[in-house]
Amino acid sequence: MLNLQLAPPMIEPLLLTAARISTFNEKILLTNASGFFFERGERLFLVTSRHVLFSKSIKHYPTRIEIELHTNVANIAESTGFSIPLYRDGKSLWRHGLDAAGDIDVAVIEINRKALPKTAVYRAFSPQHLLSSLDQVEVGSSLLIVGFPLGFHDALHHTPVVRHAIIASSFGLRFQGEGFFLTDARTHRGSSGAPVVMRIAEKLPGHGDLPWMLLGVHSARFDVGDRDLKEDEALGLNGAWYADILLKLTER
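Conventions and cut-offs
Residues numbered from 1 in each chain as written. Predicted model: local features only at pLDDT ≥ 70, side-chain atom pairs only at ≥ 80, totals over all residues. Heavy atoms only, no water. Helix = DSSP H or I, 4+ residues; strand = E, 2+ residues; numbered from the N terminus. Rg over C-alpha atoms; globule rule 2.2 N^0.38 Å. Buried < 20%, exposed > 50% of the residue type's maximum accessible area, 1.4 Å probe, protein only. Areas by Shrake-Rupley, 256 points an atom, 1.4 Å probe, with all protein chains shown as cover. Lys, Arg positive; Asp, Glu negative; His and termini not counted. Charge placed at Lys NZ, Arg CZ, Asp CG, Glu CD. Contact = heavy atoms within 4.5 Å. Polar contact = N/O pair within 3.5 Å; in protein donor to acceptor, adjacent residues only side chain to side chain. Core = buried A, V, L, I, M, F, W, Y, C linked by side-chain atoms within 4.5 Å. Salt bridge = Lys/Arg side-chain N within 4 Å of Asp/Glu carboxyl O. Phe/Tyr/Trp six-rings, centres within 6.5 Å; stacked < 30°, edge-to-face > 60°. Lys NZ or Arg CZ within 6 Å of the ring centre and 35° of its normal. Pairing = 2+ DSSP bridges. Axes fitted to C-alpha atoms, helices over the stretch in contact; angles between N-to-C directions.

Caption draft 1: Molecular detail of the overall build of the chain. Counting secondary structure elements, the chain contains 2 helices and 15 strands. Compactness check: the chain gives a C-alpha radius of gyration of 17 Å against a globular reference of 18 Å for 252 residues, within 12% of the reference. A buried classification covers 48% of the 252 residues belonging to the chain. Accessible surface computed for the chain: about 12,900 Å², of which carbon and sulfur atoms make up 53%. Here the chain holds 26 positive side-chain charges and 27 negative ones, and the gap between their average locations is 8 Å.

Printed below as a string of structure tokens:
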């Protein structure tokens with residue numbers, strides 16, 4: 001980890017990986033969402049869903065985002081807003097992915113470390129937290145989704161909440177040929193962009209104080225179009241894009 005401050009007492013480092021995102025059109029607040037930090041060498045990125053930053057279907061065109069950063073390792077209640085522009089000279093500063101099946105609902109934007117408060121407290125995943133092979137994970141495996149559903153969080157300590165999930169489709173097979181797998185979890189709007197992680201039994205080299213594997217990026221709830229809204233409950237399934245896309249998106 002490049003941020004060497006110790007985690008605050010009683011705060012699990014996993015909670016410091018997630019960031020609450022607010023999207024703005026200049027000064028007008030638009031939406032709330034989730035994101036997380038990912039580092040590659042000396043470079044630091046914020047990861048979220050692409051539709052958080054840009055969506056034609058709902059005419060969502062923010063010009064900047066703001067994340068909340070902890071600023072005092074001894075008092076986790078202290079925080080500050082950190083604004084990140086999405087465009088410069090008419091060009092997007094964020095990247096998103098494509099594959100043979102089409103767009104991938106994941107986006108990254110690089111954060112200038114020098115612009116961060118010197119006392120910023122956070123944790124970041126790294127390439128070491130990604131799986132080397134998809135067959136390492138079985139269907140039904142227990143997961144966590146770390147985010148800010150409906151913007152809800154510990155407003156005093158500015159920390160996210162965690163929802164329990166399981167893998168609901170074969171992890172080794174791209175669901176319906178696309179770049180995501182299914183999770184079974186109760187989720188809400190505002191969770192888009194949250195990290196989907198799996199606990200590992202022991203720390204591995206490069207994991208620091210984060211004994212977790214980063215499996216995916218939560219996108220949205222998954223449903224059937226012809227469901228009878230009166231007779232049939234929602235499926236309770238969600239799409240999570242495979243996290244290995246981050247290797248491509250964070251290349252120089």
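Moving on, there is more to tell.
Caption draft 2: Geometry of the environment of His96. Mapping His96 onto the fold places it in strand S8 (residues 94-99). On the basis of relative accessibility, which here comes to 30%, the residue His96 falls in the partly exposed class. Linking His96 and His188, residues 92 residues apart in sequence, is a C-alpha distance of 23 Å. With near-sequence residues (within four places) excluded, His96 lies in contact with Arg50, Asp103, Val106, Ala107 and Leu249. Of note is the side chain of His96, whose polar atom sits 3.3 Å from the side chain of Arg50.

Caption draft 3: Summary view of the nonpolar core. Among the nonpolar cores identified, the biggest contains 27 residues, and Val47, Val106, Phe125, Leu214 and Leu246 are the most heavily contacted of them. Elements that contribute at least two residues to this core include exactly strand S2 (28-40), strand S3 (43-48), strand S9 (102-111), strand S12 (180-184), strand S14 (212-222), strand S15 (237-242) and helix H2 (245-249). Val47 has contacts with Ser34, Gly35, Phe36, Phe38, Val106, Ala107, Val108, Gly193, Val217 and Leu246, leaving out every residue within four places of it along the chain. Membership of the second largest hydrophobic core comes to 22 residues, among which are Phe37, Val52, Leu69 and Phe82.

Caption draft 4: Main features of the environment of His157. Looking at the element boundaries, His157 is found in the loop between strand S10 (142-147) and strand S11 (161-167). Sequence-wise, His157 and Ile11 are 146 residues apart; in three dimensions their C-alpha atoms are separated by 9.8 Å. The contacts of His157, once residues within four sequence positions are left out, are His70, Ile76 and Ala77. Within polar-contact distance, the side chain of His157 engages the side chain of Asp154 at 2.8 Å.

Caption draft 5: Geometry of the pattern of salt bridges. Per the stated rule, a full pass over the model turns up 7 salt bridges. When the shortest N-O distance is used, the salt bridge between Arg20 and Glu68 registers 3.1 Å. Residue Arg20 is found in strand S1 (residues 18-25), and its partner Glu68 is found in strand S4 (residues 64-70); the two are separated by 48 residues along the sequence. Judged by relative accessible area, Arg20 falls into the partly exposed class, the value being 21%. When the shortest N-O distance is used, the salt bridge between Arg64 and Glu66 registers 3.5 Å. Judged by relative accessible area, which is 28%, Glu66 ranks as partly exposed.

Caption draft 6: Fine view of the packing of aromatic side chains. The tally for this structure, following the rule as stated, stands at 9 aromatic pairs. Between Phe54 and Tyr61 the ring centres are 5.5 Å apart and the planes differ by 50°, which places this aromatic pair in the tilted class. Aromatic pair Phe171 and Phe181: ring centres 4.8 Å apart, planes at 65°, arrangement edge-to-face. Of this pair, Phe171 sits in the loop between S11 and S12 while Phe181 sits in strand S12, and the two are 10 residues apart along the sequence. Judged by relative accessible area, Phe171 falls into the buried class, the value being 2%. Connected via pairs of aromatic rings, a cluster forms that spans Phe54, Tyr61 and Trp94. One Lys or Arg, Arg64, reaches over the ring of Phe24 and ends 4.2 Å from the middle of that ring. Over the aromatic face of Trp212 sits the side chain of Arg199, whose NZ or CZ is 5.2 Å from the ring centroid.

Caption draft 7: Geometry of the sheet that holds S12. Around the barrel, 6 strands lie side by side as S10-S11-S12-S15-S14-S13; this closed barrel has antiparallel pairing. Within this sheet the neighbouring strands show an average axis-to-axis angle of 45°, counted without direction. Alignment of S14 against S15, held across 6 bridges, turns out to be antiparallel. Across the sheet, residue Phe222 finds its bridge partner in S15, namely Leu237.

Caption draft 8: Geometry of unusual backbone geometry. In the Ramachandran plot, Lys59 falls in the positive-phi region, its phi being about 55° despite a non-glycine side chain. One can find Lys59 in the loop between helix H1 (50-53) and S4. Look at Lys59 and you get exposed, because its relative accessible area is 69%. Backbone geometry places His158, a non-glycine residue, at a positive phi of 60°. Mapped onto the secondary structure, His158 falls in the loop between S10 and S11. Given a relative accessible area of 16%, His158 falls into the buried group.

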